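Spelled out from the first residue to the last, the chains are:
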Amino acid sequence: MSYELLREQCEAYLLGGLEGEELQHLQSRIDNNDPECLEALREATELVAQLGHAAPLAEPPALLRSRILNAARAEKRTSALPVSNWAAYTGWAVAAALLIATLVNRNGLTAIRQELAEARGEVSRLTLKSDQYRKVASILMARDAQVIRLTATAPEAPQFRAYWSKESGLVLAGSNVSAPASGRTMQLWVVPKTGKPVSAGLFAPDSTGQVILIAENVFANPGDAAALAISDEPMGGSPQPTTTPAWVGKLGD
Amino acid sequence: MLFFLMSMAGLGGARPVRPVAEWDGFIQGIRQGDDRALGALYDASSRLVYSVVLRIVGNAADADEVVQDVYAQVWRSAGDYATERGSASAWIVMMARSRALDKIRSRATREQRETQLDVVAETHAKEDQPEQAVMKRQARSIIQSAMATLAPEQRQVIEMSFFMGLTHSELAARLGQPLGTIKTRIRLGMNKLRDSLAVGGLA
């Protein structure tokens, strides 16, 4: 077979047109890394891919970029978590500790038990964090996720951002957020188009000022909501807002 | 800790659509887990990828999903990309086509897709930087000019192959033509396309 014919077969192969013996023969050469065939396939790929430019030009939705990048970042962070290693390590640690426990005195056993309890606590925290990342990733990757920016009523205050998917839930994120006063907490509200605000959860920033709040099933349909709001409330939260919301974000803005 | 949630970059400008070494550089960055490289690749390629996918799947909702899958696959499998197998742009376009065809094959009926294809409207892209817009227009113009040199029956079978993923036998049945005729049309059309694109500097 001439090189030109081989290249034509590769083009037909890439277009999905090749069938039967021709397909089997070419596939076999590709699988065997036949150098001539791979070169023909490379050339054919460059040509066939150019056909993509024949598609009418269309603009991707503006939110698609951030959804893709946020999903990639979330995936990177989730995969970096050593949860499974921790779990495996803990299994061995428990077995080793039980073995050691039979060989040590009562005081030593108490100390080992305490260390085991701490190790289990650490595993639980890591597992919780991993689950949280996975949940956030699923919301960000949801096709119907919409972004709601919550703007502060006070100047210089940080902005919150919420991502809301009917299928996957609601996540609120913020950074550089100041801690509420002693005995107080921050409360997220879903403000429906009609009716009273519904609590979507209590939160406070961590030691670095970061906030992440995952709220699931807060509302059957985001389309029924008019806005999200955050207010300062007494510790334990309130059934309805007792202060003027410090942040508000309208849906659809 | 979760600062990434707050970074929502705006759309960047488009890059030329012809195969460029720049895309290979982005892939290298992605291999090292650099999400900025993924953003740069998206800015350079998303209009082409989205256009191909939308043309195949026929509706915006499915196109969004497929395009998201394509970049997720790029993110996860950039390490599998081998420059000796072809340019990064060809790799991504072919991946987008493959994912989009998978999507329509999973649908219940092809009739629905064909109806939708008829109503896909061409939308105009956000303005590019002037030199990028010129290069992009030139590239598209060369491709479309090359396609225009094909006999209508050649263009028809090539477009149906690429955008509908039909085999030669399916094309023959669909068009009521002998299998040999379909193969000849595709072969002659692709040869002519290669010659035209070589003259235009794109192949």
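On a predicted model such as this, the values are computed, not experimentally measured, just so you know. (Residues numbered from 1 in each chain as written. Chains lettered and ligands numbered in written order. Predicted model: local features only at pLDDT ≥ 70, side-chain atom pairs only at ≥ 80, totals over all residues. Heavy atoms only, no water.)

**A few points about the interface of chain B and chain A**
Contacts between the two partners involve 74 residues from chain B and, on the opposite side, 62 residues from chain A. Where chain B abuts chain A, roughly 6500 Å² becomes buried across the two surfaces, and 61% of that area is made up of carbon and sulfur atoms. Taken together, chain B and chain A are joined by six salt bridges. A salt bridge links R65 of chain A to D43 of chain B, with the shortest nitrogen-to-oxygen separation between them at 2.7 Å. The set of elements that each furnish at least two residues to the side of chain B that touches chain A consists of α2 (35-57), α3 (60-77), α4 (88-105), α6 (130-148), α7 (152-164), α8 (168-175) and α9 (179-200) of chain B. With 14 residues, α2 of chain B is the largest single contributor of residues to the side of chain B that touches chain A. A per-class count over the side of chain B that touches chain A returns 37 nonpolar, 18 polar and 19 charged. (Contact = heavy atoms within 4.5 Å. Buried area = accessible area lost by both parts, 1.4 Å probe. Salt bridge = Lys/Arg side-chain N within 4 Å of Asp/Glu carboxyl O. Helix = DSSP H or I, 4+ residues; strand = E, 2+ residues; numbered from the N terminus. Nonpolar A, V, L, I, M, F, W, Y, C, P; charged D, E, K, R; others polar.)

**A closer look at the confidence of the model for chain A**
In regions of low pLDDT, the predicted coordinates are not meant to be interpreted in detail. Residue and element names in this part refer to chain A. Of the residues in chain A, 75% reach a pLDDT of 70 or more, and the chain-wide mean stands at 79. Element-level pLDDT for chain A is lowest in helix α5 (residues 83-101), with a mean of 51, against a maximum mean of 92 in strand β8 (residues 247-250). Contacts of residues 81-88 to residues separated by more than four positions or lying in other chains number 10 contacts, the stretch itself having pLDDT below 50. (pLDDT = per-residue confidence, 0-100.)

**Observations concerning the nonpolar core**
Counting 80 residues, the largest nonpolar core has L51 of chain A together with I27, V53, F162 and M190 of chain B as its most contacted members. Residue contributions to this core peak at 14 residues, all from α2 of chain B. Formed jointly, this core draws a minimum of three residues from each of two domains, domain 1 (2-111) and domain 2 (119-200) of chain B. For M190 of chain B, the contacting residues outside a window of four places in its chain are E11, L15, L47, V48 and L51 of chain A together with I158 of chain B. If you look at the next biggest cluster of nonpolar residues, it comprises 21 residues, including I148, F160, L170 and A215 of chain A. (Core = buried A, V, L, I, M, F, W, Y, C linked by side-chain atoms within 4.5 Å. Buried < 20%, exposed > 50% of the residue type's maximum accessible area, 1.4 Å probe, protein only. Domains from an automatic or database assignment.)

**Things to note about the pattern of salt bridges**
Opposite charge on two side chains lets them pair, provided their charged atoms get close. As enumerated under the stated definition, the model contains 14 salt bridges over all chains in all. One salt bridge in this structure joins E59 of chain A and R47 of chain B, with 2.9 Å as the shortest N-O distance. Of this pair, E59 of chain A sits in the loop between α3 (35-50) and α4 (62-80) while R47 of chain B sits in helix α2, on two different chains. For R47 of chain B, a relative accessible area of 7% translates into the label buried. One salt bridge in this structure joins D69 of chain B and R99 of chain B, with 4.0 Å as the shortest N-O distance. You can see D69 of chain B sitting in helix α3 and its partner R99 of chain B sitting in helix α4, a full 30 residues away along the chain. In the salt-bridge network here, residues are joined through shared partners; they are R29, D34 and E36 of chain A.

**Examining the sheet that holds strand β2 (residues 160-165) of chain A**
All names here are of chain A. Pairing is antiparallel in the open sheet, where eight strands are placed in the order β5-β4-β7-β8-β1-β2-β3-β6. The sheet terminates laterally at β5 (198-203) and β6 (211-215), the two strands that pair on one side only. Neighbour-to-neighbour, the strand axes of the sheet open up by a mean angle of 20°, direction not taken into account. (Pairing = 2+ DSSP bridges. Axes fitted to C-alpha atoms, helices over the stretch in contact; angles between N-to-C directions.)

**What to know about the pairing of strand β1 (residues 146-152) of chain A**
All names here are of chain A. Pairing geometry for β1 and β2, over five bridges, is antiparallel. Bridged to Q146 within β2 is W164. Pairing of β1 with β8 involves two bridges; the strand directions are antiparallel. Across the sheet, the residue bridging to T151 is V248, located in β8.

**Digging into the packing of helix α1 (residues 3-15) of chain A against helix α2 (residues 20-31) of chain A**
Residues and elements named next belong to chain A. Look at α1 against α2: their axes get within 11 Å of each other, and the N-to-C directions meet at 105°. Comparing their axes, α2 and α1 come out roughly perpendicular. Within the contact between the two elements, α1 uses L6, Q9, C10 and Y13 and α2 uses E22, L23, L26, Q27, R29 and I30. When the residues that make up the contact of α1 with α2 are grouped by side-chain class, the tally is six nonpolar, two polar and two charged. (Parallel < 35°, antiparallel > 145°, perpendicular 65-115°, else oblique.)

**Description of α8 of chain B**
Residues and elements named next belong to chain B. Taken as a whole, α8 has its buried residues at H168, L171 and A172. Along α8, the residues classed as buried sweep out an arc of 100° about the axis, all on the same side. Remark: G176 follows α8 within two positions and exhibits a positive phi of approximately 65°. (Arc of directions from axis to C-beta.)

**Regarding the environment of G17 of chain A**
Take G17 of chain A: it is sitting in the loop between α1 and α2. For G17 of chain A, a relative accessible area of 1% gives the class buried. Sequence-distant contacts of G17 of chain A, that is, excluding residues within four places in its chain, are made with A12 of chain A together with L166, T167 and H168 of chain B.

**What to know about the packing of aromatic side chains**
Think of a pair of aromatic rings as described by two things: how far the centres are apart, and how the planes are tilted against each other in angle. Residue and element names in this part refer to chain B. Within the structure shown, the criterion is met by five aromatic pairs over all chains. Geometrically, the ring pair formed by Y81 and W91 is tilted, given 5.0 Å between the ring centres and 35° between the ring planes. Residue Y81 is located in the loop between α3 and α4, and its partner W91 is located in helix α4; the two are separated by 10 residues in the primary sequence. We note R55 situated over the ring of F163; from NZ or CZ to the ring centre the distance is 4.7 Å. (Phe/Tyr/Trp six-rings, centres within 6.5 Å; stacked < 30°, edge-to-face > 60°. Lys NZ or Arg CZ within 6 Å of the ring centre and 35° of its normal.)

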